[in-house]
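# Coordinate inspection notes
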Amino acid sequence: MTRVLVSGATGTIGRPLVNQLDDAGADVRTVTRQLTDPVALEAALGGVNAVFLLWPFASAEGAREVLELIGARRVVYLSSAAARPHEVEIERLIAGTAREWTVLRPHAFAANTLRWVEQVRAGVVRQPYGDVAFAPIHERDVAAVAVRALLDEGHDGAVYTLTGPRPLPQREQARAIGAAIGRPVHWEEEPLEEARLRLLGMGWPAPAVDGMLRGLAEPGPVTATVEEVTGAPASTFETWASEHATDFLGTMRAARIHGYGDASVISLDEVPVPKPGPGEVLIRVAATSFNPSEVGLRMGLLHDVLGVTLPHTLGWDVAGTVVTGAGDLAPGDRVIGLIDGAAAEYAVAKASMLAKAPRRIPLADAAAVPVAGLTAWQAVFEHARIGRGSRVLINGAGGGVGLFAVQLAKHAGAHVVATAGPRSAAAVRALGADEVVDYTTAALPGGNDVLINLVADVPASVTGLAKEFVSITLPIEHPRAVRFVARNDPGQLTELVSLIDKGVVDVETDARPLESLANLHREAERGLIRGKVTLKVEK
């Protein structure tokens, strides 16, 4: 096993390098501030075969002593395409001391655009030389080349100029960042002298400012070195921008509760955009939806069940567009799912727990599907086991779950008897109910194979109403009754999406803005909500 010492292990290149070396099975040691401490460096070098050298200073002073301690080992040095005097001197010293050496000269880091963060958030990047093109390189690709040079043979004496796969003018880089974060970002050309004065005002020395501006004025080269060394093509700038979207986004609006109580505890807060972890995607939320059980969550009635930590972002249903991909999901994919914290402009979720959104309906409408659709699916197919010829009574068919349950039961071949109030009767009938009973004037009809109860008021007596009973609210007192809470099942969600796209299942929503969430809770408490209400987040 090759033992590798990595300097600058917490930096832009060091972090992905350490990860990739670990994945390759190397034994990795790291140094940061200890690089120029002879005692600490000598201890870290014990048993090391190869060294990745990132020199953190703007002069070569002290480099000779460090390289003498490193001795006749394999050295991979991160230089730069600018080949500044101190970098050239360090390259010369390495060539004179190392057993084998490789020099990496990345041309322009994609990460350099992070200096635009504040301007991106304001929607306008004002910089000079917007039409000058170069090929920004992803830091992960620099690390990938370093891994091969550290671990493989055949790189001794090589000086690799590293770039991204294609040139991109700076104004197009700004536009790509805007596309990644879902916000328009415009380029505004900054006069050269104005840019120079701005940089001098930031405390930069004049030679550094002039050197930087000269560098920006020159189009950069394009090399295929990344692919030649690693066997994989270099990442595009668009890929980098998507993966770093959260760095540019800053904050977002989120509907949160800081304590339990009435609807007034719901507030729209400005909070940091969440960063996805391993296996997670960042979603730009188009819409979430309202579920009646969220009233109980807001009041604190579900605290012991859900283990909510305050402050808590509301919203379980999400429909949106992937910003940062993972697993089988790529940036731009439209997805839906059952997650926590969907009532916000951005949300994170495990890629494996999401499904591709229906194509036949608007993305914002698809937020009505996950919780209500999965609940209906599991009620109809798992617990009620409805099939062709079954007679099913759906109590509360005019609600969000009921509208899905009617359609799924009808699709299964059942004779559907649905209860609904006057405001919902027409919609329930249009979705396929064979009989509609006005629960405000008529008793529940009997003689059914199964009763699916979707309302809070459980019938006082169920004798004769059905042979079996399924409830999503309170338990029904009967030996052949089951009460369940829907679980997240991306496979079932995908099947439901397929039925939506085939036109078997329709999605009807009452769309409102996210800002109306508190009033929506108040309406729900007064029994004024009909059907499924979605909350549009994306403006």
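Let me begin by describing the structure that accompanies this report. Quantities reported herein were computed from a predicted structural model and do not represent experimental measurements.

### Quick look at the overall build of the protein chain
- The helix and strand inventory of the protein chain stands at 19 helices and 26 strands.
- Relative to the 2.2 N^0.38 estimate, which gives 24 Å for 539 residues, the radius of gyration of the protein chain is 30 Å and therefore markedly larger than a compact globule would have.
- Taking contacts inside the protein chain between residues at least 6 apart in sequence as the whole, the part at least 24 apart equals 70%.
- Counting every atom, the protein chain has about 23300 Å² of accessible surface; 53% of that belongs to carbon and sulfur.
- Side chains of the protein chain carry 51 positive and 62 negative charges; the gap between the two charge centres is 4 Å.

### Things to note about the sheet that holds strand β4 (residues 74-78)
- Across the sheet, which stays open at both edges, the 6 strands sit in the order β2-β1-β3-β4-β5-β8 with parallel pairing between neighbours. The strands lining the two open edges of the sheet, one partner per strand, are β2 (27-31) and β8 (158-162). When the angles between neighbouring strand axes are averaged without regard to direction, this sheet yields 15°.
- Direction of pairing for strand β5 (residues 100-106) relative to β8: parallel, over a ladder of 5 bridges. Residue pairing in the sheet places Arg105 in a bridge with Thr161 of β8.
- Across the face of the sheet, helix α6 (residues 139-151) comes into contact with β1 (3-7), β3 (50-53), β4, β5 and β8 while running at roughly 165° to β4.

### Details of helix α4 (residues 85-97)
- Its 13 residues place the ends of α4 19 Å apart at the C-alpha level, agreeing with the 18 Å of an ideal helix rising 1.5 Å per residue.
- Taken together, the buried positions of α4 are occupied by His86, Glu87, Ile90, Glu91, Leu93 and Ile94. Considered in projection along α4, the buried side chains sweep an arc of 165° and stay on one side of the axis. Those residues of α4 that are exposed and aimed more than 90 degrees away from the buried face are Pro85 and Gly96.

### Some points on the sheet that holds strand β21 (residues 435-438)
- Here 6 strands make up an open sheet; going across it, the order is β21-β20-β19-β22-β23-β24 and the pairing parallel. Of all the strands in the sheet, the pair left with one neighbour each is β21 and β24 (481-483). Across the sheet, the mean angle from the axis of one strand to that of its neighbour is 15°, orientation sign disregarded.
- Bridge count for strand β19 (residues 391-395) against strand β22 (residues 448-453) is 4 bridges, and the pairing is parallel. Counterpart to Leu393 in the pairing with β22 is Leu451.

### Considerations on the side chain of Gln127
- For Gln127, the location among the structural elements is in strand β6 (residues 124-127).
- Within the local environment of Gln127, its side chain forms a polar contact with the side chain of Arg198, the two groups lying 3.3 Å apart.
- In this view, Gln127 contacts Trp116, Gln119, Trp187, Glu188, Glu189, Glu190 and Arg198; residues no more than four positions away in its chain are not counted.

### Points about unusual backbone geometry
- A cis geometry characterises the amide bond from Leu310 onward to Pro311, with omega recorded as -5°.
- With respect to the helices and strands, the residue Pro311 is situated in the loop between α14 (303-306) and β14 (312-313).
- Although it is not a glycine, Tyr129 adopts a positive phi angle of roughly 60°.
- With respect to the helices, strands and loops of the structure, Tyr129 is situated in the loop between β6 and β7 (133-134).
- We classify Tyr129 as partly exposed; its relative accessible area is 21%.
- Even without a glycine there, the phi angle at Arg385 is positive, about 50°.
- Position of Arg385 among the secondary structure elements: in the loop between α15 (370-383) and β19.
- The exposure class of Arg385 is exposed, given its relative accessible area of 52%.

Thresholds, definitions, all that
- Residues numbered from 1 in each chain as written.
- Predicted model: local features only at pLDDT ≥ 70, side-chain atom pairs only at ≥ 80, totals over all residues.
- Heavy atoms only, no water.
- Helix = DSSP H or I, 4+ residues; strand = E, 2+ residues; numbered from the N terminus.
- Rg over C-alpha atoms; globule rule 2.2 N^0.38 Å.
- Contact = heavy atoms within 4.5 Å.
- Areas by Shrake-Rupley, 256 points an atom, 1.4 Å probe, with all protein chains shown as cover.
- Lys, Arg positive; Asp, Glu negative; His and termini not counted.
- Charge placed at Lys NZ, Arg CZ, Asp CG, Glu CD.
- Pairing = 2+ DSSP bridges.
- Axes fitted to C-alpha atoms, helices over the stretch in contact; angles between N-to-C directions.
- Expected span 1.5 Å × (residues − 1).
- Buried < 20%, exposed > 50% of the residue type's maximum accessible area, 1.4 Å probe, protein only.
- Arc of directions from axis to C-beta.
- Polar contact = N/O pair within 3.5 Å; in protein donor to acceptor, adjacent residues only side chain to side chain.

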